[in-house]
Amino acid sequence: IGLPMEPLEPLLRAALSVSPDNGRARRGLVDVLWKAGRRDEAVAEQKILVAREPDDYDARKRLADAYRTLGRDAEAWAQMRELARRHPSDARPLK
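In short, a report on the structure.

Observations concerning the overall build of the protein chain
- The secondary structure content of the protein chain amounts to five helices and zero strands.
- The N-to-C order of helical and strand elements in the protein chain reads α-α-α-α-α.
- Just so you have it, the protein chain exposes about 6100 Å², and 55% of that area is on carbon and sulfur atoms.

This is how it looks when you write it as structure tokens:
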């Protein structure tokens, strides 16, 4: 839609204060923070998402990708190994 991202942050945080397990709101907050250049905060929120949904392939892959983008290669590889462990028949970690 092309909406400005920054006004969304308070709304997403409000949603999470009421429902901390709201994965959709947390993913939205991660996106808002990442696009605002607040990468460390985005990673912290993504880690919460992974902790709450440890088998969520996409959440863990996004965390690995964020680590890789930030040059945190050891952490990125740790997440990729965990993806392979949790999803042994899934070839996506190889891409």
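With respect to helix α5 (residues 73-86)
- For α5, with 14 residues, the first-to-last C-alpha span of 20 Å sits near the 20 Å given by 1.5 Å per residue.
- For α5, every residue scored as buried is listed here: Ala76, Gln79, Met80, Glu82 and Leu83. Taken around the axis of α5, the buried residues stretch over an arc of 160°, which confines them to a single face. The outward face of α5, more than 90 degrees from its buried face, is lined by the exposed residues Ala74, Trp77, Arg81 and Arg85.

Regarding the packing of helix α3 (residues 39-52) against helix α4 (residues 57-69)
- Between α3 and α4, whose axes approach to 9 Å, the crossing angle comes to 155°. Looking at the two axes, α3 sits roughly antiparallel to α4. Between α3 and α4 the crossing geometry is left-handed. Across the interface between the two elements, Arg39, Val43, Gln46, Lys47, Leu49 and Val50 from α3 touch Ala59, Arg60, Arg62, Leu63, Ala66, Tyr67 and Thr69 from α4.
- Split into classes, the residues belonging to the contact of α3 with α4 amount to seven nonpolar, two polar and four charged.

What to know about the packing of aromatic side chains
- Tallied over the full model, the rule gives zero aromatic pairs.
- Geometry around Trp34 places Arg39 over its ring, the cationic atom sitting 4.1 Å from the centre.

So, the side chain of Gln46
- You can see Gln46 is positioned in helix α3.
- Here the side chain of Gln46 touches Ala59 through a polar contact of 2.8 Å, landing on its backbone oxygen.
- Those residues within four positions of Gln46 in sequence are excluded, and the remaining contacts are Val30, Ala59, Arg62 and Leu63.

Rules and cut-offs
- Here the residue numbering is sequential within each chain, running from 1 through the sequence in written order.
- Residues qualify for local features only when their pLDDT is at least 70, as the model is predicted, and side-chain atom pairs are given and counted only at 80 or more; totals for whole chains, interfaces and linings, by contrast, use all residues.
- Hydrogen atoms and water are omitted, and side-chain values are computed over all heavy atoms in the structure.
- Under the DSSP-based scheme used, a helix requires at least four consecutive residues in state H or I and a strand at least two consecutive residues in state E, with every element numbered from the N terminus.
- Residue exposure ignores everything except the shown protein chains as possible cover, and the areas themselves are Shrake-Rupley values with a 1.4 Å probe.
- Here the expected span of a helix is defined as 1.5 Å times the quantity of residues minus one.
- Here's how the labels work: a residue is buried when its accessible area is under 20% of the maximum for its type, exposed when over 50%, partly exposed in between, all with a 1.4 Å probe on protein chains only.
- Here the arc refers to the directions that run from the helix axis out to each C-beta atom.
- Simply put, an axis is a line fit to the C-alpha atoms, just over the touching stretch for a helix, and the angle between two N-to-C directions goes from 0 to 180 degrees.
- By the definition adopted for this analysis, an angle is roughly parallel if under 35 degrees, roughly antiparallel if over 145, roughly perpendicular if from 65 to 115, and oblique otherwise.
- Should the near helix be turned anticlockwise from the far one by less than a right angle, the crossing is left-handed, and should it be turned clockwise, the crossing is right-handed.
- Whether two residues are in contact is decided by their heavy atoms, any of which lying within 4.5 Å being enough.
- Under the scheme applied, nonpolar residues are Ala, Val, Leu, Ile, Met, Phe, Trp, Tyr, Cys and Pro; charged residues are Asp, Glu, Lys and Arg; polar residues are all the others, including Gly.
- Side-chain rings of Phe, Tyr and Trp (the six-membered ring for Trp) are treated as a pair once their centres are within 6.5 Å; stacked means planes under 30 degrees apart, edge-to-face means over 60, and tilted covers the remaining angles.
- Working rule: Lys NZ or Arg CZ, within 6 Å of ring centre, within 35 degrees of ring normal, means a charge sits over the ring.
- We define a polar contact as two N or O atoms separated by no more than 3.5 Å, with the added condition that, inside protein, one atom must be a possible hydrogen donor and the other a possible acceptor, whereas residues neighbouring each other in sequence contribute only through side-chain atom pairs.

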